[in-house]
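# A closer look at the structure
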Amino acid sequence: MSEDQIAVHDPHAKPATYVEPEAADRFENPGLPPHRPRRADVDDDAAKRAERQVTTLFGLSILGTLGFIVAYFLVDPELRASVLVIGYVNLYHVILGLTLAMSLLGIGLGAVHWAKTIMPDTEVVEERHLQASDEEARNEAAGVLSQGYRSAQLHRRPMLLLTAGGALGLFALPLALQVAGGLGPLPGDALEHTVWRKGMRLMIDPSGTPITPEMVSQGSVIHVLPEGFVGESSHGEDGPSALEIMEAKANSSVLLVRLNPEQIKSQKQRDWGVDGIVAYSKICTHVGCPVALYERQTHHLLCPCHQSTFDMTDDCKVIFGPAKRPLPQLPITVEDGYLVAVDDFAEPIGPSYWERG
Amino acid sequence: MTTIPQGAGAVRDQSEAATETTADAADPKLPPPVVWADERLGVAKGFGLFKKVFPDHWSFLLGEIAMYSLIICLITGTFLTFWFVPSMGHVIYDGSFVPLKGVGMSEAYASTLNISFDIKGGLLIRQLHHWAALLFIVGIALHVARVFFTGAFRKPREINWVIGTVLSLLACIEGFAGYSLPDDLLSGTGIRAMNGFMSSAPVIGTYLTFFVFGGQFPGELIIPRLYIAHVLLLPAILVGLFAVHIFLVFWHKHTQYPGPGRTNNNVVGFPLLPVYTAKAGGFFFIVFGVTALIAAVVTINPVWAYGPYDPGQVTAGSQPDFYMWFSDGALRLLPGWMEFSIFGVTFSPQIFLGSLVLLPLVWIILGAYPFVEQWITGDKREHHLLDRPRNAPVRTAVGAAAISMYLVLAVATINDIIAIKLHLSINDITVALRVLFFILPVIVFMVVKRLCLSLQRADRELVLHGTESGRIMRTPEGRFYEVHEELNEFDRWHLVQHEAQRPLSLTAGPDTDEYGVERPVGPLESMRRKLSEFYFKDRIEPVTPSELAAAHHHGEAEALPGGQARAIKESVERADETAGLRSDDRT
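What counts as what
- Residues numbered from 1 in each chain as written.
- Chains lettered and ligands numbered in written order.
- Predicted model: local features only at pLDDT ≥ 70, side-chain atom pairs only at ≥ 80, totals over all residues.
- Heavy atoms only, no water.
- Helix = DSSP H or I, 4+ residues; strand = E, 2+ residues; numbered from the N terminus.
- Rg over C-alpha atoms; globule rule 2.2 N^0.38 Å.
- Buried < 20%, exposed > 50% of the residue type's maximum accessible area, 1.4 Å probe, protein only.
- Contact = heavy atoms within 4.5 Å.
- Areas by Shrake-Rupley, 256 points an atom, 1.4 Å probe, with all protein chains shown as cover.
- Lys, Arg positive; Asp, Glu negative; His and termini not counted.
- Charge placed at Lys NZ, Arg CZ, Asp CG, Glu CD.
- Phe/Tyr/Trp six-rings, centres within 6.5 Å; stacked < 30°, edge-to-face > 60°.
- Lys NZ or Arg CZ within 6 Å of the ring centre and 35° of its normal.
- Disulfide = S-S within 2.5 Å.
- Pairing = 2+ DSSP bridges.
- Axes fitted to C-alpha atoms, helices over the stretch in contact; angles between N-to-C directions.
- Core = buried A, V, L, I, M, F, W, Y, C linked by side-chain atoms within 4.5 Å.
- Patch = residues over 30% accessible without salt bridge, like charges linked within 9 Å, V, L, I, M, F, W, Y side chains within 5 Å.
- Salt bridge = Lys/Arg side-chain N within 4 Å of Asp/Glu carboxyl O.
- Domains from an automatic or database assignment.
- Buried area = accessible area lost by both parts, 1.4 Å probe.
- Polar contact = N/O pair within 3.5 Å; in protein donor to acceptor, adjacent residues only side chain to side chain.
- Nonpolar A, V, L, I, M, F, W, Y, C, P; charged D, E, K, R; others polar.

### Observations concerning the overall build of chain A
Summing up its helical and strand segments, chain A has 9 helices and 14 strands in all. Against the globule reference of 21 Å for 357 residues, chain A gives a C-alpha radius of gyration of 38 Å, more extended than a compact globule. Buried positions account for 40% of the 357 residues belonging to chain A. Within chain A, residue pairs in contact and separated by at least 24 positions form 58% of the contacts whose partners lie at least 6 positions apart. Element-wise, carbon and sulfur atoms account for 60% of the exposed surface of chain A, whose accessible area totals about 19800 Å². Distance between charge centres in chain A, computed from 29 positive and 45 negative side chains, equals 2 Å.

So, in structure tokens, the structure goes:
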């Protein structure tokens, strides 16, 4: 540290560069070890052998390519056979794949073997330089920048910079707005309703037959869709479009189960069902997979996607897993001997969302 | 150190090689096509590029696997676009796959069946595409690990590290978009889950899903939109960033592992022409060939077995492709009680934390790491020599701990499969994994750090005492000992070349100024000091020449039975004094 640095003390001064005490006490890089020639470098027979191996590999590649072309035309695409280890396969596919692999591997292995045995294996040293430019280049760059800045008169007319910056910063907005605005409709209250309406029959998915209470046996589970969206009734002229059917399946799928009424823990659940027959939304309240696994012993419903588990006997409350809310219950009753909906679900079905409340 | 001592052999071989070339082609001339091109483009000026040197190491091939898989994906993917119909329009299947004849499905699914069963060789291209995509991401993951554990991300390569992390994120999204396209039951379930976790986004969730899906789920826009993202948008960004990534490798010149003759100021390896052209070009064909081999014999994503997507159906054991496992696993582990409603709005952190937050967070942490480490070390020098992972114990341990966290999440995705195969309770597995997520990283960190330190100690031991020669000597007094052979200078250099980073408290000078007044340390700086302690407090210094000289004085320490007691006593003393562990707690 020099004299004046001590005299004018600066508390924020950088500490003097720390010199490792044993910096000098280090081994020195011994340099490249002596080169050891390979077999093919000193033995002409070995070199010839290596050459033969490489040409054989390239030759195999040519055979593979020809094999692929021949197989493409001559082998029956329907050819199927049982292959050892792999099992029953489409042999045409396997033959094409294997010949292609042979064609490619022949080139690859040949080239690498060539490089490793015949091409020089003496290591070459290339110097490396610091990334940073030297002082002169930096000064020149600074000159170019400042020259450009000044000749554009930016130093005298700052408004030019401000407005140009503003304009450039904003010009993409109309384009972004067009894309964002056109991507989709606003949600509105679309998520709060399903296609279920009062008096709509519960239909078996996929046969589309209406359901009488007698058809629902203890312990069985019936997959249900609303009337008009499944089976024959969905195909007519006035029937829903394929898109509407998909959307109905995505938000109005229901699971129908008959429980022993005494097992049901909640009065509401009993009231909204028919003699222990209860209907629940099949769409998981986590991220919307169909809750399709029903354990008839425990009356648990399990979502196969993320294992949220719902207790059917306790109003489908969550007993395990990442879902929070119970599955919504569809109120049902009997009309003309068939099960029908009393109303839509009382709450939004499916995954949680911000506005859900 | 600008002049590099060269092995005499290397010098000889280089001169030999030089004379050989000149003898073979005494008066080389450019071939006419190159002359033609040179007259128009001046290409001859750029031929110096072919002399560029690349260092050799198997771990440098991991990135190449990713690069070549990307190219295979581009080739096979282009083929697939000729037949794939990215539409959710409803059709009745009438192709040659009998079990699905007459079944209603989307055009996307029907055309995927068409590719698989009615286009000659179409299934091979589809399987090549899918396998190459998986290999692409495996390659990326291993490459990231290699770059991380060897410290290749250090200055001046931070920018390329950030580009690489963006590439790896895009690769995962690209993969997800790709396997969603066939619109089969499995991939449709994935899109359903995507819709679900997007709607969990605070404030904008519902709008987000309605804009992305063009309305309610499923709508009929998501497949065409994913398609254009998959075949144009993401590949364009991927290929563009990838080009920059590769250009920067050329620009910076490749890093190299430390070794004799290798310094921070040189690159030692083989020239692009002919050796690297043959090796790297050949490796492309090997990767392609191995992918073809796998595609030929191992079925991947048999969409015909899953059936068309139906929002009311699902199969048990629905897993995404492996690179999305960690996110799906997080969705499985996060407990439902985290969700709450307040002021009429719903927060679902158990959903958005595992998806919308986790995905970017992983990559932000990854991208930020070089800058954080540089801040902690205060090391602003350029680094072109790689670290051996053991020589950076805390970095290696942090990386291993992060991988263990990732693996816990990934394993959580197959909790149902584990439960079935091992006859365990899925609830117990899930709870155990929740606990492991927090505990395992700590254990892994401690174990890996200690392993690194022990390996360094073993290196020191080897340098100080050499290798056992198997020769037993008898001294005139009758004592036996085994002769240890000193390492030669080339082997030794691998073990002594590195620097042991020291904590800032040691390197940044004293905490007090020359008047004995404590220097003011801001909260940020004090955190930096603490982190520096955490990183470098425990360290093993490499052997110095004087330590080696001192060890030689102990010459007869390796005595066998004749002087066993003394030998043990001596070796214990020696271990104490040369174990080399510097822990600033203990000094």
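Next, the rest of the story.
### Digging into the overall build of chain B
When you go through chain B residue by residue, the secondary structure sums to 21 helices and 10 strands. Buried residues in chain B amount to 52% of all 587 residues. Put simply, 76% of the contacts in chain B that link residues at least 6 apart link residues at least 24 apart.

### What about the packing of aromatic side chains?
Inspection of the entire model under this criterion finds 34 aromatic pairs over all chains. Taken together, a centroid distance of 5.0 Å and an interplanar angle of 80° make the contact between Trp 354 of chain A and Phe 347 of chain B edge-to-face. Of this pair, Trp 354 of chain A sits in the segment after β14 (338-341) while Phe 347 of chain B sits in strand β6 (residues 345-347), on two different chains. With centroids separated by 6.5 Å and ring planes inclined at 40°, the aromatic side chains of Phe 148 of chain B and Trp 161 of chain B adopt a geometry described as tilted. Placement of Phe 148 of chain B in helix α5 (residues 122-149) and of Trp 161 of chain B in helix α6 (residues 158-180) is noted, with a sequence separation of 13 residues between them. Comparing Phe 148 of chain B with Trp 161 of chain B, the two get one shared label, buried. Feature note: the residues Tyr 68, Phe 283, Phe 284, Phe 285 and Phe 288 of chain B constitute an aromatic cluster, connected by ring pairs. Lys 268 of chain A extends its terminal NZ or CZ atom over the ring of Trp 272 of chain A, reaching a point 4.6 Å from the ring centre. When the ring centre of Tyr 72 of chain A is taken as origin, the NZ or CZ atom of Lys 120 of chain B, which lies over that ring, is 4.7 Å away.

### A short note on the state of the cysteines
Residues and elements named next belong to chain A. Following the criterion strictly, the structure yields 1 disulfide over all chains and no others. Cys 289 shares a disulfide with Cys 305; S-S distance 2.2 Å. Around the S-S axis, the bridge from Cys 289 to Cys 305 shows a dihedral of about -90° and counts as left-handed. One end of the pair, Cys 289, is in the loop between β7 (277-281) and β8 (293-295); the other, Cys 305, is in the loop between β9 (300-302) and β10 (309-311), and 16 residues separate them in sequence. Judged by its relative accessible area of 0%, Cys 289 falls in the buried class. With a relative accessible area of 4%, Cys 305 lands in the buried category.

### With respect to the environment of Glu 533 of chain B
Residue and element names in this part refer to chain B. Residue placement: Glu 533 occurs in helix α19 (residues 523-536). Sequence separation between Glu 533 and Val 34 is 499 residues; the distance between their C-alpha atoms is 59 Å. Beyond its immediate chain neighbours, meaning those up to four positions away, Glu 533 contacts Pro 503 and Ser 505.

### Comments concerning the sheet that holds strand β1 (residues 53-54) of chain B
Overall, antiparallel pairing links the 3 strands, which are arranged β3(A)-β4(B)-β1(B) in an open sheet. The strands lining the two open edges of the sheet, one partner per strand, are β3 (124-127) of chain A together with β1 of chain B. In the sheet, β1 of chain B pairs with strand β4 (residues 266-271) of chain B via 2 bridges, with the strands oriented antiparallel. Paired with Phe 54 of chain B across the two strands is Phe 270 of chain B, which belongs to β4 of chain B. Strand contacts of helix α10 (residues 272-297) of chain B: β1 and β4 of chain B, with the helix running at about 75° to β4 of chain B, the strand carrying the most contacts.

### A word on the nonpolar core
Core analysis: the largest hydrophobic core is formed by 115 residues, its most contacted members being Leu 128, Phe 136 and Ile 222 of chain B. If one sorts the elements of this core by residue count, α5 of chain B sits on top with 13 residues. Residues in contact with Phe 136 of chain B, not counting those within four places in the same chain, are Ala 66, Ser 69, Leu 70, Ala 171 and Leu 238 of chain B. Among the nonpolar cores identified, the runner-up in size contains 23 residues, and Ile 211, Ala 248, Ile 332 and Leu 339 of chain A belong to it.

### A closer look at a negative patch on the surface
A surface patch of like charges, here negative, comprises Asp 134, Glu 135, Glu 136 and Glu 140 of chain A. Within the secondary structure layout, Asp 134 of chain A lies in the loop between β3 and α5 (135-151).

### Considerations on the domain arrangement of chain A
As a measure of interface size, the accessible area lost when the parts come together is often cited. Here chain A is described as being made up of domain 1 (39-123 + 131-180) and domain 2 (202-341). Look at where the C-alpha atoms of domain 1 of chain A and domain 2 of chain A centre, and you get two points 53 Å apart.

### Notes on the interface of chain A and chain B
Counting residues at the interface gives 100 residues for chain A and 135 residues for chain B. Buried surface at the junction of chain A and chain B, summed over both partners, amounts to about 10200 Å²; 62% is from carbon and sulfur atoms. On the chain A side of the contact with chain B, Phe 27, Arg 128 and Trp 354 of chain A bury the most area, a combined 10% of that side's loss. Taken together, the connections running from chain A to chain B amount to 4 salt bridges. With a closest N to O distance of 3.3 Å, Glu 126 of chain A and Lys 253 of chain B form a salt bridge. Along the contact surface separating chain A from chain B lie 42 residue pairs in polar contact (both at pLDDT 80 or more). Put simply, the parts of the chain that give the side of chain A that touches chain B at least two residues each are α3 (44-74), α4 (91-117), β3, α7 (173-183) and α8 (242-252) of chain A. Per element, the largest residue contribution to the side of chain A that touches chain B is 17 residues, and it comes from α4 of chain A. Broken down by class, the residue content of the side of chain A that touches chain B amounts to 60 nonpolar, 21 polar and 19 charged. Where β3 of chain A lies against β4 of chain B, 4 bridges are found, and the strand directions are antiparallel.

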